Structures are given as structure tokens and as C-alpha cells.
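Here is what each chain is made of, one letter per residue.
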Amino acid sequence: MEAIKLNQIGISFKGSGSYVPNQILTNQNISKKVDTSDEWIKSRTGISERRISGIGENVVNMGYEAALAAIEMASWDIDSIDLIILATSTPHDLFGSAPSIQAKLAAHNAVAFDLTAACSGFLFALVTASQFLKMGSYKRALVIGADQLSSYVDWNDRRSCILFGDGAGAIAIEATNEFNNFIGFDMKTDGERGSFLNLPFNNNIDSIINNIDFMNGGFSPIQMNGQEVYKFAVKEVPIILNNLFKKINYSSEDVDWLVLHQANQRILDSVGERLKIPKEKILSNLEYYGNTSAGTIPLMIDEAIRNNKIKQNDIIATSGFGAGLSWGAALIKWG
Ligand code: ACO
């Protein structure tokens, strides 16, 4: 590759990949476990089925498969990868899972680390990786979003267990002096509203010896106030996207595709309406995968690229939102 000129570094989107487990859990299957129905789930969320990791599957092997497909699409030599960021809230090892993906890929020249921001994780990781590239520190980065929420869902809680599934996606980005396809971004968090959606530490107190207590490791299942999360998403996502459009002199009419975090079809429809983006431009695959947390955005982008929907130079507006609370938006041009 040519030497990079620091004052004019842009980002190029070179490849995408995704992976979902084979096991399918349908709405009918769930209705055998909790008091719900296909009709209720479908009409309130748009979800019909979701994928559940099989024995031995985890974010490392899901993320690896997604990353490999993205590297192949980008036609990259493995040794040329400088940076791997894994966005996940469900690491296979709390000390970090990204280095295990690096090892599986044999990406010996890359530094790899995890980043946690729930369903905003992929977007936050994409922004983070782009900053390393724009500063001239690294040239090639893999951004992976992977989650295995099936391990943390309370399968007896009908208000939340219907929503989530497992999966991974990855995007390969590269620094270039030719153009900049990472047009703009914004990110926000509000910890004061954090109690609306948690995967909390379980606070079990134990003793090491007399008078020295400690908190035993472990996590409680997902706790969610669905209505508050819903209200948050339909309010904040149009605001952050509209503000971003204004800041970079774009309008929603310039957008070819709206790729939102795949949480609920009603959220997608409501945000689309508020932004005046027609339904045909709003990509959705949550019917088949549910909410795969950090996986949804790259999974959706990869599927749309491989189905010839997203093409070179298409403008994509994207937004991730979820626990934290956290949310963010980005405008990119594919290619
Ligand atoms: N089947 C049947 N009935 C149900 C179910 C179910 N699966 N779940 C709830 N109900 C019942 C409730 O008990 C309630 O009954 P009641 O009126 O007798 O008390 C009734 O249905 C309505 O419940 P609501 O909670 O008001 O249902 P709502 O229309 O808000 O839909 C949902 C619930 C789908 C969870 C919605 O609020 C939602 O999608 N919220 C956003 C959640 C989300 O996206 N979370 C992930 C964010 S991303 C991340 O970071 C992980």
C-alpha cells in the first residue's frame, strides 16, 4: 500500500461478513415454554424466529466466521490487518474475546480488544476503529459485532425472551487518501436511564474468611422495561439522525438505505416515518433473527450487500441504540 498522507485520510468500506447459528427457535416453539403466541409476538415485534447458539458455539467462533467472510470480500492478506475490535456484551471470556478471534484468524500483526456498549456496540466500535485509521495509526481494521444473549435471557420471562437471538457480523475498513466514505457520526449515553435495560452483576455475597466478604462473580438474566426502552428508541433515534444530517449538510432524502439496530419492526417503522424515509429504504431482517444486539447492524448490512441491495457508493444512514442507555448514528457511503 502507498504511504498514507495524514492530513487527508479517509475511510473506505471494503468488505462484510456475517454468521448465525443453525438452531432455529420459532415463536410457536416459545409458546410451548411461556404464555404467548405467534400472533402476539409477530404483531408487537415483527419477529417470527431467532437463532440460538448450539453446544460449543460462542462469540469467538461466530465472530471468527463473520470476520473471515469480511476478509475474503475485502481480498485482504491476513497479515495486513492492524486492528480488530469486537463489540460484544457477552464475551466468551470476561478478560476479552477479541484476541481469541485474532488467534483463530492467525492475524499475527493485529492488536485485538473488546468493546462493550450493548446494542450500540457495533456503531461505537466502528467509530473507534475509524479514529485509529484517521489518525494514521493503523491502515486496516476489522470491526466485529457478536452477541450470544440466549445465555442471559430469562426464558421464563415472556416480556423479554421473545426478542433476542444470537449472531455476528463484521465489516472491514481501510484508510485511504483517495476519498472519505465515513461521512459523519454522533454517539450518546445516558446512564441515568440505565435501569431500563440491564444484564446486572448478581451481587451474591460470600465470605473468604471470617469478616472478609466478597461478591461472588456471575450475572443475573436480562431485566428490561420494554415500554421505556421503546419510548427511548422512537424519540432519540430520529433526533440523533436528524441532528447528524444537519451537521454534515445532508438530508434524509440523500439516504439510499436506513439500517437501524434490529430491535422491533414497530421501532423501525416509527423512526422511518419521523425521518420521512420510505419503507422500501428501511432494511429489516429481524423477522428471522430477532435482536442479536451488537450483531444486528453488520448482519443486516452484509445480507443486503450479498443480496445486491446495497451497492457501491450507496449512502447508508445507520443507528444503534440500547442498554446503557446508549445510542449513536453514522452516515457512510459503501465502498
Ligand atoms: N405474549 C403475550 N402477552 C405478552 C407478552 C408476550 N410475549 N409480553 C407481554 N405481554 C402482555 C403484558 O403482560 C401486558 O399484559 P397486561 O396489559 O395484561 O399487563 C400486555 O401484553 C402489553 O404489554 P406491553 O409491555 O405494554 O407490550 P408492548 O406493546 O410494549 O410490547 C415489547 C412489549 C415488544 C417488549 C415492546 O415494549 C418493545 O419492543 N420494547 C423495546 C424493547 C427492546 O427493543 N429492547 C432491546 C433494546 S436493545 C439492547 O440494548 C439489548
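The rules behind each value
- Sequence order as written defines the numbering, with residues in each chain counted from 1.
- For a predicted model such as this one, the threshold for reporting local features is a pLDDT of at least 70, and the threshold for listing and counting side-chain atom pairs is 80 or more; totals across whole chains, interfaces and linings nevertheless cover every residue.
- By convention in this description, side-chain values take in all heavy atoms of the structure and omit both hydrogens and water.
- The rule for a disulfide is simple: a pair of cysteine sulfur atoms within 2.5 Å.
- In this scheme, a residue with accessible area under 20% of its type's maximum is buried, one over 50% is exposed, and one in between is partly exposed, where area comes from a 1.4 Å probe on protein chains only.
- Numbering of helices and strands runs from the N terminus; a helix is a DSSP stretch of H or I covering at least four residues, while a strand is a stretch of E covering at least two.
- Working rule for helices: expected span equals 1.5 Å times residues minus one.
- Paired strands are those between which DSSP finds at least two bridges.
- Here an axis means a line fitted to C-alpha atoms, over the contact stretch when the element is a helix, while the angle between two N-to-C directions is reported on a 0 to 180 degree scale.
- Note on contacts: a residue pair qualifies if any of its non-hydrogen atoms lie within 4.5 Å across the two residues.
- Buried residues of nine kinds, namely Ala, Val, Leu, Ile, Met, Phe, Trp, Tyr and Cys, make up a nonpolar core once their side-chain atoms join them within 4.5 Å.

Trainee: I'm lost on the state of the cysteines in this one. Help?
Mentor: What is meant by a disulfide is a covalent connection between two cysteines, made through their sulfur atoms. Applying the stated criterion across every chain, the model contains zero disulfides. In this model Cys161 remains outside any disulfide bridge; the closest cysteine sulfur is found in Cys119, 16 Å from its own. Exposure remark for Cys161: the relative accessible area of 0% places this residue in the buried category.

Trainee: What should I look at first to understand helix α5 (residues 121–134) in this one?
Mentor: Each turn of an α-helix holds 3.6 residues, which means side chains three or four residues apart point in the same direction. Compared with the 20 Å implied by 1.5 Å per residue over 14 residues, the 20 Å span of α5 between its first and last C-alpha is a close match. In terms of burial, α5 is largely enclosed, as ten of its 14 residues are buried. Those residues of α5 not exposed but buried are Gly121, Phe122, Leu123, Phe124, Ala125, Leu126, Val127, Ala129, Ser130 and Leu133.

Trainee: Please explain the sheet that holds strand β6 (residues 140–148) as it appears in this structure.
Mentor: The strands making up a sheet are joined through hydrogen bonds of the backbone, oriented either antiparallel or parallel. Here we have five strands laid out as an open sheet, ordered β1-β7-β6-β4-β5, and mixed in their pairing. With partners counted over all chains shown, the strands left at the sheet margins are β1 (10–19) and β5 (111–115), one partner each. In this sheet, adjacent strand axes meet at a mean angle of 20° when their direction is disregarded. As paired strands, strand β4 (residues 83–87) and β5 are joined by five bridges and run parallel to one another. Paired with Leu83 across the two strands is Val111, which belongs to β5. Across the face of the sheet, α5 comes into contact with β1, β4, β5, β6 and β7 (166–176) while running at roughly 165° to β6. Those strands touched by helix α9 (residues 296–306) are β1, β6 and β7, and its axis lies near 90° from that of β1.

Trainee: Can you walk me through the nonpolar core in this structure?
Mentor: Inside soluble globular proteins, nonpolar side chains tend to come together where they are buried. In this structure, Leu241, Leu258, Leu260, Phe321 and Leu331 are the most contacted members of the largest nonpolar core, which totals 44 residues. Elements supplying a minimum of two residues to this core: α6 (226–247), β13 (257–260), α7 (265–275), β14 (315–322) and β15 (326–333). Among the elements that make up this core, the one with the highest residue count is α6 (nine residues). Residues contacting Leu331, with those up to four places away along its chain left out, are Asn181, Phe182, Ile183, Gly184, Leu244, Phe245, Ile248, Tyr250, Val255, Ile315, Ile316 and Ala317.

Trainee: In this structure, what is going on with the sheet that holds β15? I would like to understand it.
Mentor: Read from one edge of the open sheet, four strands run β8-β15-β14-β13, paired in mixed fashion. Looking along the sheet, the strands with just one partner apiece sit at the ends: β8 (182–189) and β13. Put simply, the sheet's adjacent strands are angled 10° from each other on average, direction ignored. For β14 and β15, the ladder comprises eight bridges, and the chain directions are antiparallel. The residue of β15 that forms the bridge with Gly322 is Ser326.

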